[in-house]
Amino acid sequence: MAAKDRDRFSTATRLRLLGEQTAARVYRSQNRRQARRSRLTGRAAFLALIVCSLVVALAYPMRQYVSQQDEIADQERLAQEAKARTEELRDEKARLQDDAYIRQLARTHLHYLLPGETGYTVIDPDAVKEREGRTDKSGRPWHSNLWDGVDSADRD
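Rules used in this analysis
Residues numbered from 1 in each chain as written. Predicted model: local features only at pLDDT ≥ 70, side-chain atom pairs only at ≥ 80, totals over all residues. Heavy atoms only, no water. Helix = DSSP H or I, 4+ residues; strand = E, 2+ residues; numbered from the N terminus. Buried < 20%, exposed > 50% of the residue type's maximum accessible area, 1.4 Å probe, protein only. Areas by Shrake-Rupley, 256 points an atom, 1.4 Å probe, with all protein chains shown as cover. Patch = residues over 30% accessible without salt bridge, like charges linked within 9 Å, V, L, I, M, F, W, Y side chains within 5 Å. Salt bridge = Lys/Arg side-chain N within 4 Å of Asp/Glu carboxyl O. Expected span 1.5 Å × (residues − 1). Bend = angle between axes of the 7 residues up to and from the residue. Axes fitted to C-alpha atoms, helices over the stretch in contact; angles between N-to-C directions. Parallel < 35°, antiparallel > 145°, perpendicular 65-115°, else oblique. Contact = heavy atoms within 4.5 Å.

J.: Would you explain the overall build of the protein chain in this entry?
T.: Of regular secondary structure, the protein chain possesses six helices and zero strands. Along the chain direction, N to C, the helices and strands of the protein chain fall in the order α-α-α-α-α-α. Taken over 156 residues, the protein chain has a buried fraction of 3%. Surface accessibility of the protein chain: about 14,800 Å² in total, with carbon and sulfur atoms responsible for 57%.

As structure tokens, this is what we get:
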């Protein structure tokens, strides 16, 4: 037993045990690296490359497709508005074929009167002042005020 105890504490035995432990650690770390590497194989990298290429290749056409769909929706909305306006104009055209409607327009917009009717015109005092050219309190015509403004702008 004494030889075994001596052998147990010898430098060679310690170095051998230390080498075995180090080799075991290195072997374990290599297995871990291989396990990590095995997650991303060459096939997986190639597949990722293909997917990224497809995304890049389809990004612009998809953007174009979406913008064209928006333009189509806008054009359809404009077409609906044009149809509605066309219907309004057709209705107005049909109304203009009616003599009673024409008389009504003439009476309201042109102030026409039927024979035997008496027309009255109400004069607004403010409108009279505007018609004479005096719109402000100074009593001067508008064109004088305009020239004074131009002259004062030249002085500044």
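J.: Hey, could you run me through a nonpolar patch on the surface in this one?
T.: On the surface, a nonpolar cluster with roughly 810 Å² of combined accessible area is contributed by Phe-46, Leu-49, Ile-50, Leu-54, Leu-58, Met-62, Tyr-65 and Val-66. Relative to the helices and strands, Tyr-65 is located in helix α3 (residues 42-96).

J.: What exactly am I supposed to notice about the pattern of salt bridges here?
T.: Tallied over the full model, the rule gives six salt bridges. Among the salt bridges present, the one from Arg-77 reaches Glu-81, with a minimum N-O distance of 3.0 Å. Of the two residues, Arg-77 and Glu-81 are both situated in helix α3; the distance of four residues between them amounts to about one turn of the helix. The exposure class of Arg-77 is partly exposed, given its relative accessible area of 44%. Among the residues examined, Glu-81 registers a relative accessible area of 43% and is labelled partly exposed. One salt bridge in this structure joins Arg-95 and Glu-92, with 3.1 Å as the shortest N-O distance. Here Arg-95 and its partner Glu-92 are both found in helix α3, three residues apart, which amounts to about one turn of the helix. Residue Glu-92 is classed as partly exposed on the basis of its relative accessible area, which comes to 26%.

J.: Is there a simple way to think about α3 in this case?
T.: What sets the pattern is the α-helix's 3.6 residues per turn: residues three or four places apart point alike. With 55 residues, α3 should reach 81 Å at 1.5 Å per residue; the first-to-last C-alpha distance of 80 Å fits that figure. For α3, the principal kink sits at Ala-59 and spans about 35 degrees; a proline, Pro-61, occurs within the next four residues.

J.: I tried to follow the packing of α3 against helix α4 (residues 99-109) on my own but got confused; where do I start?
T.: Each pair of packed helices gets described by two things: the angle between the helix axes and the distance between those axes. The contact between α3 and α4 brings their axes to 6 Å, and the two run at 95 degrees. Considering their axes alone, α3 and α4 lie roughly perpendicular with respect to each other. Across the interface between the two elements, Glu-92, Arg-95 and Leu-96 of α3 pack against Tyr-101, Ile-102 and Leu-105 of α4.

In short, shape yes, function no, at least from these values alone.
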